[in-house]
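# Structural features, examined
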Amino acid sequence: MNEVVIVGSVALDTIDGPGGHAGDALGGSASYAAYSASFFSRACIIACIGPDFPAAAKKVFDGRNIDLTGLETVPGTTFRWSGKYAKGFVTRETMKLDLGVFAGFKPAIRSALPESSILFLANIDPDLQMDVLEKAGGKALVATDTIDHWIRAKGDVLRKALARTDIFFLNDEEARLISGEDNLVRAGKSIMAMGPKFVVLKKGEHGAMLFSASGISVVPALPLEDFRDPTGAGDTFAGAMLGFMAREGKRDLDTMRLAMAHATVMSSFVVEDFSMERLRRVTAADMGERMDRLRELARF
Ligand code: AMP
């Protein structure tokens, strides 16, 4: 089956910024990626939560094309992350990071994924990413994401995962950090040399770049007036891109470019409210309207 299998965090986020405050809101890289991917294809979450995880947060996934059989409830506390955005969202500071139940989590995976599946190693401990890659990698297309914390804390393990990655997602800051290059073109090229066949470099309101053996493609971001919280935008982008590719069953560059446009549209929604709130209200007509707007925006 064409599906996206996602290992990553399922979290309770506390966020403060120019858009206001949210406390213990549903977050995490796997949550955002799966919710977004499910607009296009089936998404399966491999993650863990504690018994303290609110039933209302789990209900957010109800009615979506999301398989939660790999979401294990284990003794301990749910992963919690808290972040603070500066005026104009120019910077983000992590105030608290509590791995909780993720410390030492070894998911129960019985068999490798088929070639038609996409395995997304979303932002989480690189040791866990490697564990899932070894158990489930098989012939599936492998995509990887990360965050500055893991580049600093476990860069060596992350690099092992990158050597087996087809598509690596990261933002401009992370690209500079992992490559040691200030210039993003140089950074992208140097990251390609670490193993990934494709590098997707996300630049927030400045759009995204796709590095491949054929060169660089770009997609602009949709200019937005209503902007409340950028948390999870990167995970939403990756989820939509991979969900679209799973639905199409194709992995060529043209499909990836179109997938990036859909990813741009989905992340333009998620930033308009906290958590999954805006994504929950998105209709097919909304998606179509923004795709048209993006096409018009980038027309020459
Ligand atoms: P993004 O804004 O795309 O970087 O993703 C933010 C999401 O990632 C939040 O919902 C957090 O719960 C989660 N997150 C933050 N730090 C980490 C981390 N070190 N490992 C895994 N997930 C994290």
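Use the structure listed above.
Thresholds, definitions, all that
- All chains use their own residue numbering, which begins from 1 and follows the written sequence.
- With the structure being a predicted model, the display of local features is reserved for residues of pLDDT at least 70 and the display and counting of side-chain atom pairs for 80 or more, all residues being used for whole-chain, interface and lining totals.
- In computing side-chain values, all of the structure's heavy atoms are included and hydrogens and water are not.
- Helix and strand definitions here come from DSSP, where helices need a minimum of 4 consecutive H or I residues and strands a minimum of 2 consecutive E residues; each element is numbered from the N-terminal end.
- When we talk radius of gyration, it's over C-alpha atoms, and the globule rule is simply 2.2 Å times the number of residues to the 0.38.
- Exposed residues in this analysis have more than 50% of their type's maximum accessible area, buried residues have under 20%, and partly exposed residues fall in between, with area computed by a 1.4 Å probe over protein chains only.
- We call a set of buried residues a nonpolar core when its members are Ala, Val, Leu, Ile, Met, Phe, Trp, Tyr or Cys and they connect through side-chain atoms within 4.5 Å of each other.
- By definition, residues are in contact when any of their heavy atoms lie within 4.5 Å.
- The criterion for strand pairing is that DSSP finds at least two bridges linking the strands in question.
- Here, axes are lines fitted to C-alpha atoms. For helices the fit covers the stretch in contact, and angles between N-to-C directions go from 0 to 180 degrees.
- How far a helix is expected to stretch is found by multiplying one less than its residue total by 1.5 Å.
- Each C-beta atom gives one direction from the helix axis, and the arc is the one those directions make.
- Pairing of aromatic rings covers Phe, Tyr and the six-membered ring of Trp, with a centre-to-centre limit of 6.5 Å; geometry is then stacked below 30 degrees between planes, edge-to-face above 60, and tilted otherwise.
- The rule for a charge over a ring is simple: NZ of Lys or CZ of Arg within 6 Å of the ring centre, and within 35 degrees of the ring normal.
- The labels follow the angle: roughly parallel below 35 degrees, roughly antiparallel above 145, roughly perpendicular from 65 to 115, and oblique for the rest.
- In this scheme the crossing of two helices becomes right-handed for a clockwise turn of the near helix relative to the far one and left-handed for an anticlockwise turn of less than a right angle.
- All amino acids are sorted into three groups, where Ala, Val, Leu, Ile, Met, Phe, Trp, Tyr, Cys and Pro are nonpolar, Asp, Glu, Lys and Arg are charged, and the leftover types, Gly among them, are polar.
- One heavy atom within 4 Å of a molecule or strand is enough for the residue carrying it to be called near that molecule or strand.
- Here a polar contact is taken to be a pair of N or O atoms separated by no more than 3.5 Å, where protein atoms must pair a possible hydrogen donor with a possible acceptor and residues adjacent in sequence count only if both atoms sit in side chains.
- Residue exposure ignores everything except the shown protein chains as possible cover, and the areas themselves are Shrake-Rupley values with a 1.4 Å probe.
- Only one rule defines a salt bridge in this text: a Lys or Arg side-chain nitrogen within 4 Å of an Asp or Glu carboxyl oxygen.

Helices and strands together make up the secondary structure of the protein, namely 10 helices and 14 strands. At 18 Å, the protein has a C-alpha radius of gyration in line with the 19 Å of a compact globule built from 300 residues. Counting only C-alpha atoms, the protein reaches 55 × 40 × 40 Å along its principal axes. The 300 residues of the protein split such that 56% are buried.

Another aspect to go through is the nonpolar core. With 91 residues, the main nonpolar core has Phe120, Ile167, Phe169, Met241 and Met266 as its most contacted residues. Non-local contacts of Ile167, meaning those with residues more than four positions away in its chain, are made with Leu141, Val142, Ala143, Thr144, Phe198, Val200, Leu242, Met245 and Met256. With 16 residues, the next largest nonpolar core counts Leu158, Leu162, Ala187 and Val199 among its residues.

Attention now moves to the sheet that holds strand S2 (residues 11-17). Pairing in this open sheet of 4 strands is mixed, and the strands run S3-S2-S7-S8 from one edge to the other. Among the strands making up the open sheet, the edge pair consists of strand S3 (20-27) and strand S8 (92-98). Adjacent strand axes in the sheet meet at a mean angle of 15°, parallel and antiparallel pairs treated alike. Judged from the 6 bridges that link them, strand S7 (residues 79-85) and S8 form a sheet pairing that is antiparallel. Paired with Lys84 across the strands is Glu93, a residue of S8. The sheet strands contacting helix H1 (residues 29-37) are S2 and S3, and the helix crosses S3 at an angle near 80°.

Residue pairs three or four apart in sequence face the same way in an α-helix, which turns once every 3.6 residues. The end-to-end C-alpha separation of helix H10 (residues 284-297) is 20 Å, in line with the 20 Å expected for 14 residues at 1.5 Å each. Of the positions making up H10, those classed as buried are Met287, Arg290, Met291 and Leu294. Projected down its long axis, H10 shows its buried positions confined to an angular sector of 105°, all on one face. Taken together, the buried residues of H10 touch strand S14 (215-219), helix H8 (253-270) and helix H9 (277-280).

Moving on, we come to the packing of aromatic side chains. According to the stated counting rule, one finds 7 aromatic pairs in the structure shown. Ring geometry for Phe89 versus Phe227: centroids 4.9 Å apart, planes at 65°, classification edge-to-face. Note that Phe89 is positioned in the loop between S7 and S8 and Phe227 in the loop between S14 and helix H7 (233-248), a separation of 138 residues in sequence. Taking NZ or CZ as reference, Arg64 lies 4.6 Å from the ring centre of Tyr35, over its face. Positioned above the aromatic ring of Phe39, the side-chain terminus of Arg64 is 4.2 Å from the ring centre.

A separate point is the packing of helix H3 (residues 126-136) against helix H4 (residues 148-163). One can describe the packing of H3 onto H4 by two numbers: an axis separation of 8 Å at closest approach and a directional angle of 20°. Considered as vectors, H3 and H4 are oriented roughly parallel to each other. Helix-helix and strand crossings are classified by hand; for H3 and H4 the assignment is right-handed. Contact residues: Pro126, Asp127, Gln129, Met130 and Leu133 in H3; Trp150, Lys154, Val157, Leu158, Lys160 and Ala161 in H4. Taken together, the residues that form the contact of H3 with H4 break down as 7 nonpolar, 1 polar and 3 charged.

Glancing now at the site of the ligand. Lining the immediate environment of the ligand, one finds 19 residues, of which Ser9, Asp13, Gly28, Arg92 and Gly232 sit closest. Between an oxygen atom of the ligand and a side-chain N or O atom of Arg92, the distance comes to 2.8 Å. Asn123 places a polar side-chain atom, nitrogen or oxygen, 3.3 Å from a nitrogen atom of the ligand. Bound to the protein, the ligand loses 95% of the 510 Å² it would expose on its own. For the shell around the ligand, the elements supplying multiple residues, two or more each, are S2, S7, S8, H4 and H7. Classifying every residue of the shell around the ligand by side-chain character gives 8 nonpolar, 8 polar and 3 charged.

The next thing to look at is the pattern of salt bridges. One pass over the structure, following the stated rule, counts 20 salt bridges. Residues Lys154 and Asp125 are paired through a salt bridge, measuring 3.0 Å at the closest nitrogen-oxygen approach. Taken together, the residues Lys154 in helix H4 and Asp125 in the loop between strand S9 (118-121) and H3 connect sequence positions 29 residues apart. On the accessibility criterion, Asp125 (14% relative accessible area) is buried. Between Glu248 and Arg247 there is a salt bridge, with its nearest N and O atoms 3.3 Å apart.

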